[in-house]
Amino acid sequence: MEKYYVTTAIDYANAPPHIGHAYEKIAADIIARYQRLTGKKVFFLTGTDEHGSKVEKAALAAGFESPLAFVDETSSKFKEAWRRLLISNDDFIRTTEERHKKVVQEVFRRMRAKGDVYKGKYAGLYCDGCEDYLRETDLVDGKCPNHQRPPQHSEEENYFFRLTKYKEPLRAWLQEAECHVKPDGRRREVINQLDDPELGDFSITRSRKSLTWGIPVPDDPDHVIYVWVDALTNYITGVGFQSDEEAWNTFWPADLHLIGKDITKFHAIYWPAMLMSADLPLPKLVFGHGFITVEGQKMSKSLGNVLDPVYLAETYGPDAIRYFLFAANTFDQDGDFSRADMVATVNKHLAMGVGNLLNRVVKLLDTHFEGTVPAVSIEQGVLDALEKDTAEFRTFMDEFEFAKAIRSIFEIVDKGNKLLSEREPWKLLKEGKLEEGGQVLVTAMTMLKRIAILLSPITPRLCAGIWDQLGFDSNIESVIFRSSEFTDPILAGQKIRNKGRVFEKLDELTENPAPVPTA
RNA sequence: GCCAGGGUAGCUCAGUCGGUUAGAGCACAGGUUUCAUAAACCUGGGGUCGCGAGUUCAAAUCUCGCUCCUGGUACCA
């Protein structure tokens, strides 16, 4: 059986989740569900990044007795949000877990044994108030914006990773015919960055005095492993590197690292270089997606427009959020989340499009056939069109073009509604033309069956509802493209279950969603 | 500054190797219909394709200049 391993970025646990985090997890979930549909053995990993001085400071500021107690709470908020949004991850990794610590240290050892780690001096601008190094661009009038005083020039001894040694192999990897970084613009950008002679070795540790909340360097506890070696290795910890040989051999290398466009460089340069150094296979694809704005504006605490995914899921239901985010936005570009647009789109597509179609068919079957599917044949032309739309859907899904894939499904929905309008089965049935009227209804049911399957990665709850009303007893999530369940016609005698509206229209809500409390 | 990408209907965008009256969805207007969630179906209006010049029988599509926007630009989750 073919496998598929998809990861998301692990989220930094210094604050609760917002809609931006959710966007990426839903995308990964849609991909995971779709890949399961294609019959692959899927492993889907997400989690939280829990080390670093920012977490430590946030914990103290929030009055926690320890950073660990703080991240316990924060990570549980992420887990809860993903549960509400029907995210089907197979594991949830936390970088503070023991299993991860071992892997990070092992990767460090391997890179060191390879001669790729050396001690050097890290020089930077250190702010005593922040207890951290600042960047030139962080400064306002030469001062730390948080503490209103100039940072000190400071140096410390760090371990460095010999990135420069891997520039050529990285270039070769990035230019392989099988593209490893998408979208293509990002790949070109990364190649440019690699060509920049100023891209040099980078430090992978901090001294214990400037960073305490982290994983110690093996055999040198005065040094703590700094962000990238700690965070990126989650992808191999999560599939059992050094702990579960079977999972590891099955799933690594990753088929897809799904990340925000801002961290493309770290995934397309640092991470593959680290893997080369550790003698591990490289991921097949890194995909940097766009960001989501809220009502046309960048999300920020000061604007008060940071949306809580749990609140949204409770208010509008998970399907509506999932559907709108990916039907209305282009995944590789920035997109927007607006409640008014979501309500309009979801009502039009899910309630009046799919839901109403189901309702029309189910009602007529109930009235004229006592809810039992009559024995009729389906026109070959309709079935051919169904296959054509399905093929189109798959092509777009394979390229992560979700909005276009969804449009392919709605080709079928529109055809279904047109079929009813043109053939007017209610008239045929009143005139006693049961054969002809029944044929129209079963044709529409066949379309609905396909719609439910194809749409299920995007709106799982709605599609389970359609599946149920069509009278299937199986779990829709067990359907795969190759199975007979996928292609079989709906059998005569199947009893439908008319349970009323499968997707209730949403109301326009005018009050502002509760912003995420600041940890 | 440098590098990359982009400016096409009110909005979001398609437009393959340059070739007939520049397309889709949403929104808007009119009509048909009643099985259905006052839903559905049909028809229609609307664009000097950022600005200027050039190449060509022919340019949204190629070249140059200008202008505006976005992203990247040595360790930032």
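Note: the structure precedes this text.
Reading the values: rules and limits
Every chain is numbered on its own, with residues counted from 1 as its sequence reads. Following the order in which they are written, the chains are lettered starting with A and the ligands numbered starting with 1. Local features in this predicted model are restricted to residues of pLDDT 70 or higher, and side-chain atom pairs are both shown and tallied only at a pLDDT of 80 or more, whereas totals for entire chains, interfaces and linings draw on every residue. Working from all heavy atoms in the structure, the side-chain values ignore hydrogens and water. A single heavy atom is enough: if one lies within 4 Å of a molecule or strand, its residue is considered near that molecule or strand. Within 3.5 Å is the distance limit for a polar contact, defined as a pair of N or O atoms, with the added protein rule that one can donate a hydrogen and the other accept it, and that residues adjacent in sequence qualify only through two side-chain atoms. Runs of E in the DSSP output that reach at least two residues are strands. Runs of H or I that reach at least four are helices, and both are numbered from the N terminus. Three labels apply to residues, based on accessible area from a 1.4 Å probe with only protein chains included: buried if under 20% of the type maximum, exposed if over 50%, partly exposed otherwise in between. Residues are treated as being in contact if the distance between any of their heavy atoms lies within 4.5 Å. Helices are assigned an expected span. That span is 1.5 Å times one less than the residue count. The axes are straight lines fitted to the C-alpha atoms, using for helices just the contacting stretch, and the angles between their N-to-C directions are given from 0 to 180°. Roughly parallel here means an angle under 35 degrees, roughly antiparallel means over 145, roughly perpendicular means 65 to 115, and every remaining angle is called oblique. When the near helix sits turned anticlockwise from the far one by under a right angle, the crossing is termed left-handed; a clockwise turn instead gives a right-handed crossing. Just so you know the grouping, Ala, Val, Leu, Ile, Met, Phe, Trp, Tyr, Cys and Pro go in nonpolar, Asp, Glu, Lys and Arg go in charged, and all remaining residues, Gly too, go in polar. A pair of strands is treated as paired once DSSP finds two or more bridges between them. Cavity and pocket criteria rest on a 1 Å grid covering protein atoms alone: a 1.4 Å probe that fits but cannot get out defines a cavity, protein on both sides within 12 Å along at least 5 of 7 lines defines an open pocket, and an atom within 4 Å of a point defines a lining residue. Grid points are joined across faces, edges and corners, and a volume is the space filled by probe spheres set on the points. Criterion for a salt bridge: a side-chain nitrogen of Lys or Arg within 4 Å of a carboxyl oxygen of Asp or Glu. Only centres within 6.5 Å qualify two rings of Phe, Tyr or Trp (six-membered ring in Trp) as a pair; their planes then separate them into stacked at under 30 degrees, edge-to-face at over 60, and tilted for everything else.

A. Region of the structure containing the protein's contact with RNA strand B. In the neighbourhood of RNA strand B, 39 residues make up the surrounding shell, with Lys54, Glu198, Asn356, Arg360 and Arg501 lying closest. Here RNA strand B approaches the protein such that, of its atoms within 4 Å, sugar and phosphate make up 61%. With respect to RNA strand B, the side chain of Glu189 contributes an N or O atom lying 3.5 Å from a sugar or linking oxygen. Within the side chain of Lys505, an N or O atom sits 3.3 Å from a phosphate oxygen of RNA strand B.

B. Structural detail: the side chain of Ser456. Secondary-structure assignment places Ser456 in the loop between helix H17 (434-455) and helix H18 (460-469). Using a relative accessible area of 12% as the deciding quantity, one classes Ser456 as buried. Here the side chain of Ser456 touches Ile453 through a polar contact of 2.7 Å, landing on its backbone oxygen. The contact partners of Ser456, leaving out residues within four places of it in the chain, are Arg33, Cys463 and Ile476.

C. Quick peek at helix H4 (residues 98-113). With 16 residues, H4 should cover 22 Å at 1.5 Å per step; its first-to-last C-alpha distance of 23 Å lies within 8% of that length. Where H4 is concerned, the buried positions are His100, Val103, Val104, Gln105, Glu106, Val107, Phe108 and Met111. Just downstream of H4 lies Gly115, where phi reads positive at about 80°.

D. Broad picture of the packing of helix H6 (residues 184-195) against helix H10 (residues 264-277). For the pair H6 and H10, interaxial distance at closest approach is 10 Å and the crossing angle is 55°. The pairing of H6 with H10 is recorded here as oblique in orientation. Viewed along their axes, H6 and H10 form a crossing whose handedness is right-handed. Seen from H6, the contacting residues are Arg186, Val190, Gln193 and Leu194; seen from H10, they are Thr264, Lys265, Ala268 and Ile269. The class makeup of the residues in the contact of H6 with H10 is 4 nonpolar, 2 polar and 2 charged.

E. Looking closely at the sheet that holds strand E10 (residues 205-207). Pairing is antiparallel in the open sheet, where 3 strands are placed in the order E10-E12-E11. Only two strands of the sheet have a single partner each, and these edge strands are E10 and strand E11 (216-217). In the sheet, E10 pairs with strand E12 (residues 220-225) via 3 bridges, with the strands oriented antiparallel. From the neighbouring strand, Ser207 faces E12, where its bridge partner is His223.

F. Main features of helix H15 (residues 402-423). Counted at 1.5 Å a residue, the expected span for H15 with its 22 residues is 32 Å, and the 32 Å between its end C-alpha atoms agrees. Once H15 ends, the next one or two residues include Glu424, with phi positive near 45°.

G. Quick look at the pairing of strand E7 (residues 152-161). Here strand E5 (residues 117-127) pairs with E7 via 10 bridges, running antiparallel. Among the inter-strand pairings, Gly120 is bridged to a residue of E7, identified as Asn158. Bridge count for E7 against strand E9 (residues 202-203) is 2 bridges, and the pairing is antiparallel. For Phe160, the partnering residue across the bridge sits in E9 and is Ser203.

H. Quick peek at the layout of surface pockets. Put simply, the second largest pocket is a space of about 360 Å³. Considering the residues around the second largest pocket, the lining is formed by 19 residues, among which Tyr4, Gln35, Lys40, Asp255 and Asp398 are closest to the centre. Of all the secondary-structure elements, those providing two or more residues to the lining of the second largest pocket are strand E1 (3-8) and helix H14 (380-398). In terms of residues, the lining of the second largest pocket owes the most to one element, H14, which gives 3 residues. A breakdown of the residues in the lining of the second largest pocket according to their chemical character gives 5 nonpolar, 3 polar and 11 charged.

I. Expanded view of unusual backbone geometry. Between Lys182 and Pro183 the backbone carries a cis peptide bond, its omega angle lying at -5°. Mapped onto the elements of the fold, Pro183 is located in the loop between strand E8 (181-182) and H6. The linkage connecting Trp252 with the following residue, Pro253, adopts the cis geometry, with an omega of 5°. Looking at where Pro253 falls in the secondary structure, it is placed in the loop between helix H9 (245-251) and strand E13 (256-260). Notably, Asp219 is not glycine yet its phi reads approximately 65°, a positive angle. Relative to the helices and strands, Asp219 is located in the loop between E11 and E12.

J. Structural context of the pattern of salt bridges. Going through the model one piece at a time under the given rule, you end up with 42 salt bridges. Note that Arg83 and Glu80 form a salt bridge whose closest N and O atoms lie 3.2 Å from each other. With Arg83 and Glu80 both in helix H3 (residues 67-84) and 3 residues apart, this pair spans about one turn of that helix. For Arg83, a relative accessible area of 56% gives the class exposed.

K. Spatial organisation of the packing of aromatic side chains. Tallying each qualifying case throughout the model produces 29 aromatic pairs. Their ring planes at 5° and their centres at 5.7 Å tell us that Trp248 and Trp252 sit as a pair that is stacked. By the burial criterion, Trp248 is buried, and Trp252 matches it. Where Phe324 meets Phe337, the ring centres are 5.9 Å apart and the plane angle is 75°; that geometry is what we call edge-to-face.

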